[in-house]
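Breakdown of the fold
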There are 2 protein chains.
Amino acid sequence: MTAPSETIAERLYRYFDALTRAERQLADLILENYPVSGLGSITTVAENAGVSTPTVARMVQKLGYTGFPEFQAELRRELEAKISDPIAKRDSWAEKAPDGHILNRFTDAVIGNIRQSLAQLETETFDQSCRLLAAPQRAVYIVGGRITRALADYFFLHMQVIRSGVTHIQSNSNTWPHYLLDVREGDVLVIFDVRRYENSTLKLAEMGARQGAKIILFTDQWRSPVSKYADHCLSSRIIVPSAWDSSVVTLLFLETVIAAVQELMWDETRLRMEALEDMFDQTRMFRKFT
Amino acid sequence: MTAPSETIAERLYRYFDALTRAERQLADLILENYPVSGLGSITTVAENAGVSTPTVARMVQKLGYTGFPEFQAELRRELEAKISDPIAKRDSWAEKAPDGHILNRFTDAVIGNIRQSLAQLETETFDQSCRLLAAPQRAVYIVGGRITRALADYFFLHMQVIRSGVTHIQSNSNTWPHYLLDVREGDVLVIFDVRRYENSTLKLAEMGARQGAKIILFTDQWRSPVSKYADHCLSSRIIVPSAWDSSVVTLLFLETVIAAVQELMWDETRLRMEALEDMFDQTRMFRKFT
DNA sequence: TTTTTTTTGAAGATATTTCTTCACTCCACA
DNA sequence: TGTGGAGTGAAGAAATATCTTCAAAAAAAA
């Protein structure tokens, strides 16, 4: 009848490639809050996923069930097993990996980093940084270091779409002075500097500060020396079980800033965003409405 | 309408004395494997409890619901709350920020993404990817897309230190064919492709596969079409309350891969890292302490 | 571009579930 | 041993859910 060893979630992933766009959208919903979101009536499930009931019926048949009721019965059986399992363990992230696996250890550390970094962050620091970045009359300069250049680049890519007047000062460039010529009082300098802190970055911060630039610094928990020039400093914990430091929390901050600035600038950004929407439309992954 | 603070279980206990014999029998069943046993059709529930359907209908009305469907909907809501991850449901991450602040909403979403992405990841996929990347005789080629180029760059920066034979194929380059000339059977092609998926990336994957390259794909939950050529596919959830998608989970995977490969290759890597430290010392590029 | 194939949801047909009615059973009490 | 009220479930009515069909829309191919 049904393979007892394979969960519906696994089956969904296995068949994912064979599913159509609407069906993937549905599969996504079911997996998102698994398995509860699959428990309503076929109508409810379809509505929540934004697809039609025939799509639901078709998909469960593709998955090998004779119909929606059978599919749902299987879902309930799974749920029952999951609920009644005394060792319902949430202590490991990758459930399929052994306990001491690097995936679990690493993720543990990252979650801890996120929690601690956020607990320390002052909301005002964050909000004010966003406001600075959302001021259209202020030019924005972004600069990273050896490793952080990837983060700087990521930030630049997004800000460039959101607003005008954004410049990425390439880290290896010896043309810094040229860029700095253009920096005016009140412009915003976004600096990335984590250990090991770079001398050239410090110099740049100093010069920028002297020109009257507002400095927003993304750094680690020990804070780069740049912080003495910085108006706002967002520091992230970066320790993980690795020979390298983690940039996950910094990226999280970065993305949150992007989301917030986007929202603040919505009026000015709308046209730019509509162009972006068009681009998303081209993915044809999602229907435009509902 | 329904008291949100009281669970159905509590309500059952509270009304228990007012219930008749058949109704108690039913209540017992529902409480026995709560709340899953209440999720079938009214007929199923009645049968399992050994009572008739009218008994079920009468009891839920005694409990204050307009009918069985409403009762069941409430049961599902409870279940949802119970199932969803307690860690993800932390009240607030940035404790100093108000509840609905973007910092908290964003972080909630990211934690959820991490949890779900890891739950779905097969350990074998991860381990085998790491082993491929840690094989010194295999050259490694890394390629990103419009947004993911920053991630590709980040990965490249680290892998370059860890081992030799690593190449970053710049995404905007029209020299792809040149790089592909060098790709030999068994080499590793690391591809980043999240929505919107890029045609050029797909082409590259196809060509690489034809040359016999092993393909490791970092993609999103919907999986880039590249996945049909990929030997290993690491997919991350990327949805956040933002006009943009999140790369946090992908970065987490990336860093974990880096940590694992580093460990696997430690013998070869140690010398490289020491040499690198020496070079940095000589250039005085970094501040020596703190 | 145009043509062909695939995918999709509206609408209706069918099946199932849910609810209501009502006759029967059970039990307390006279 | 009767009597009445509460409890119960069989059976059918009403409401929903599920499935199927088919034409339009979208994607892929030519």
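This write-up is about the structure you can find in this document. This is a predicted model, so every value here is computed, not measured. (Residues numbered from 1 in each chain as written. Chains lettered and ligands numbered in written order. Predicted model: local features only at pLDDT ≥ 70, side-chain atom pairs only at ≥ 80, totals over all residues. Heavy atoms only, no water.)

1. Comments concerning the overall build of chain A
Each helix and strand counted, chain A has 12 helices and 5 strands in total. Counting the 290 residues in chain A, one finds 56% classified as buried. For chain A, the share of sequence-separated contacts (at least 6 apart) that also reach a separation of at least 24 residues comes to 67%. Accessible surface, chain A as shown: approximately 12,700 Å² in total, 50% of it carbon and sulfur. (Helix = DSSP H or I, 4+ residues; strand = E, 2+ residues; numbered from the N terminus. Buried < 20%, exposed > 50% of the residue type's maximum accessible area, 1.4 Å probe, protein only. Contact = heavy atoms within 4.5 Å. Areas by Shrake-Rupley, 256 points an atom, 1.4 Å probe, with all protein chains shown as cover.)

2. Some thoughts on unusual backbone geometry
All names here are of chain A. Residue proline 35 is reached from tyrosine 34 by a cis peptide bond, and omega for that bond is -5 degrees. Secondary-structure assignment places proline 35 in the loop between helix 2 (21–32) and helix 3 (42–49). Arginine 195 connects to arginine 196 through a cis peptide bond whose omega is -5 degrees. Its place among the elements puts arginine 196 in the loop between strand 3 (188–193) and helix 10 (199–210). With phi around 65 degrees, arginine 223 is a residue other than glycine that occupies positive phi space. Position of arginine 223 among the secondary structure elements: in the loop between strand 4 (214–220) and strand 5 (232–236).

3. Concerning the nonpolar core
Soluble globular proteins tend to pack their nonpolar side chains together in the buried interior. A:Leu133, A:Phe155, B:Leu133, B:Phe155 and B:Val190 are the most contacted members of the largest nonpolar core, which totals 99 residues. B:Leu133 has contacts with B:Val140, B:Phe155, B:Met159, B:Arg163, B:Val188, B:Val190, B:Ile216, B:Val257, B:Val261 and B:Met265, leaving out every residue within four places of it along the chain. Ranked by size, the runner-up nonpolar core spans 58 residues in total, among them A:Tyr13, B:Ala22, B:Tyr197 and B:Trp222. (Core = buried A, V, L, I, M, F, W, Y, C linked by side-chain atoms within 4.5 Å.)

4. Thoughts on the environment of A:Arg195
Residue and element names in this part refer to chain A. Within the secondary structure, arginine 195 sits in the loop between strand 3 and helix 10. For arginine 195 and aspartate 220, which are 25 residues apart along the polypeptide, the C-alpha to C-alpha distance reads 7.2 Å. With residues near it in sequence (within four places) discarded, arginine 195 still touches Asp220, Trp222, Ile238 and Asp245. A polar contact is formed between the side chain of arginine 195 and the side chain of aspartate 245, at a distance of 2.8 Å. (Polar contact = N/O pair within 3.5 Å; in protein donor to acceptor, adjacent residues only side chain to side chain.)

5. Examining the interface of chain A and chain B
Counting residues at the interface gives 81 residues for chain A, matched by 82 residues for chain B. Buried surface at the junction of chain A and chain B, summed over both partners, amounts to about 8,000 Å²; 64% is from carbon and sulfur atoms. Where chain A touches chain B, the interface holds 4 salt bridges. If you look at where chain A meets chain B, you find 22 residue pairs in polar contact (both at pLDDT 80 or more). Of all the elements, helix 6 (residues 102–120) of chain A adds the most residues to the side of chain A that touches chain B, at 11 residues. A class-by-class count of the residues in the side of chain A that touches chain B yields 46 nonpolar, 15 polar and 20 charged. (Buried area = accessible area lost by both parts, 1.4 Å probe. Salt bridge = Lys/Arg side-chain N within 4 Å of Asp/Glu carboxyl O. Nonpolar A, V, L, I, M, F, W, Y, C, P; charged D, E, K, R; others polar.)

6. A word on the protein's contact with DNA strand C
Neighbouring DNA strand C are 18 residues; A:Thr20, A:Ala22, A:Thr55, B:Ile42 and B:Phe68 lie closest to it. The share of sugar and phosphate among atoms of DNA strand C within 4 Å of the protein is 68%. A:Ser52 is positioned with one of its side-chain polar atoms (N or O) 3.3 Å from a phosphate oxygen of DNA strand C. Measuring from a phosphate oxygen of DNA strand C, one finds a side-chain N or O atom of A:Thr55 at 2.9 Å. With 4 residues, the top contributor of residues to the surface near DNA strand C is helix 4 (residues 53–62) of chain B. Across the surface near DNA strand C, the residue classes break down as 7 nonpolar, 8 polar and 3 charged. (Near = heavy atom within 4 Å.)

7. What about the protein's contact with DNA strand D?
Looking at DNA strand D, there are 18 residues lining it, with A:Ile42, A:Gly67, B:Thr20, B:Ala22 and B:Thr55 nearest. Between A:Phe68 and DNA strand D, the recorded distance is 3.0 Å, taken from a backbone N or O atom to a phosphate oxygen. The separation between a phosphate oxygen of DNA strand D and a polar side-chain atom of B:Thr20 is 2.3 Å. Those elements giving two or more residues to the surface near DNA strand D turn out to be helix 3, helix 4 (53–62) and helix 5 (68–84) of chain A together with helix 2 (21–32) and helix 4 of chain B.

8. Examining the sheet that holds strand 2 (residues 166–169) of chain B
Residue and element names in this part refer to chain B. One open sheet accounts for 5 strands, arranged 2-1-3-4-5; its pairing is parallel. Either end of the sheet is taken by a strand with one partner, and the two such strands are strand 2 and strand 5 (232–236). Taking the axes of each pair of neighbouring strands and ignoring which way they run, one obtains an average angle of 15 degrees across the sheet. Here helix 7 (residues 123–133) sits on the sheet and contacts strand 1 (140–143), strand 3 (188–193), strand 4 (214–220) and strand 5; the angle it forms with strand 5, its principal contact strand, is near 120 degrees. Along the sheet face, helix 10 (residues 199–210) touches strand 1, strand 3 and strand 4 and points at about 160 degrees away from the line of strand 3. (Pairing = 2+ DSSP bridges. Axes fitted to C-alpha atoms, helices over the stretch in contact; angles between N-to-C directions.)

9. What about the sheet that holds strand 4 of chain A?
Residues and elements named next belong to chain A. Read from one edge of the open sheet, 5 strands run 2-1-3-4-5, paired in parallel fashion. A single partner strand is all that each edge strand has here, and the edge strands are strand 2 (166–169) and strand 5. With strand direction ignored, the average angle separating the axes of adjacent strands in the sheet is 15 degrees. Note: strand 1 (residues 140–143) against strand 2, 4 bridges, orientation parallel. Residue isoleucine 142 lies in a different strand from strand 2, and its bridge partner there is histidine 168. Along the sheet face, helix 8 (residues 149–162) touches strand 1, strand 2 and strand 3 and points at about 165 degrees away from the line of strand 2.

10. A short note on helix 11 (residues 248–264) of chain B
Between its first and last C-alpha, helix 11 of chain B extends 24 Å over 17 residues, near the 24 Å set by a 1.5 Å rise per residue. The buried fraction of helix 11 of chain B amounts to 15 of the 17 residues, a majority that puts the element mostly inside the structure. (Expected span 1.5 Å × (residues − 1).)

11. Focus: the side chain of A:Gln25
Locating A:Gln25 in the fold gives a position in helix 2. Only 3.2 Å separates the side chain of A:Gln25 from the backbone oxygen of A:Ala49, close enough to count as a polar contact.

12. Let's talk about the pairing of strand 3 of chain A
All names here are of chain A. Within strand 3, 6 of the 6 residues are buried, which leaves the element mostly enclosed by the surrounding structure. The alternating pattern of strand 3 places Val188, Val190 and Phe192 and Leu189, Ile191 and Asp193 on opposite faces, both of which are buried. Across 4 bridges, the pairing between strand 1 and strand 3 is parallel. By the bridge assignment, valine 143 is partnered in strand 3 with isoleucine 191. Sheet topology note: the strand 3/strand 4 ladder contains 6 bridges and is parallel. The residue bridging valine 190 from the neighbouring strand is isoleucine 216, located in strand 4. In this fold, strand 3 hands off to helix 10, which returns the chain to strand 4; that crossover is right-handed. (Right-handed = clockwise from strand over helix to strand, strands pointing away.)

13. Structural notes on the packing of helix 7 (residues 123–133) of chain A against helix 11 (residues 248–264) of chain A
All names here are of chain A. Packing of helix 7 against helix 11 leaves a shortest axis separation of 9 Å and a crossing angle of 55 degrees. Relative to helix 11, the element helix 7 lies oblique. Of the two elements, helix 7 crosses helix 11, and the hand of that crossing is right-handed. Contacts between helix 7 and helix 11 involve Phe126, Cys130, Arg131 and Leu133 on the former and, on the latter, Thr256, Val257, Ala260, Val261 and Leu264. Here the residues of the contact of helix 7 with helix 11 are counted per class, giving 7 nonpolar, 1 polar and 1 charged. (Parallel < 35°, antiparallel > 145°, perpendicular 65-115°, else oblique. Left-handed = near helix turned anticlockwise from the far one by under 90°.)

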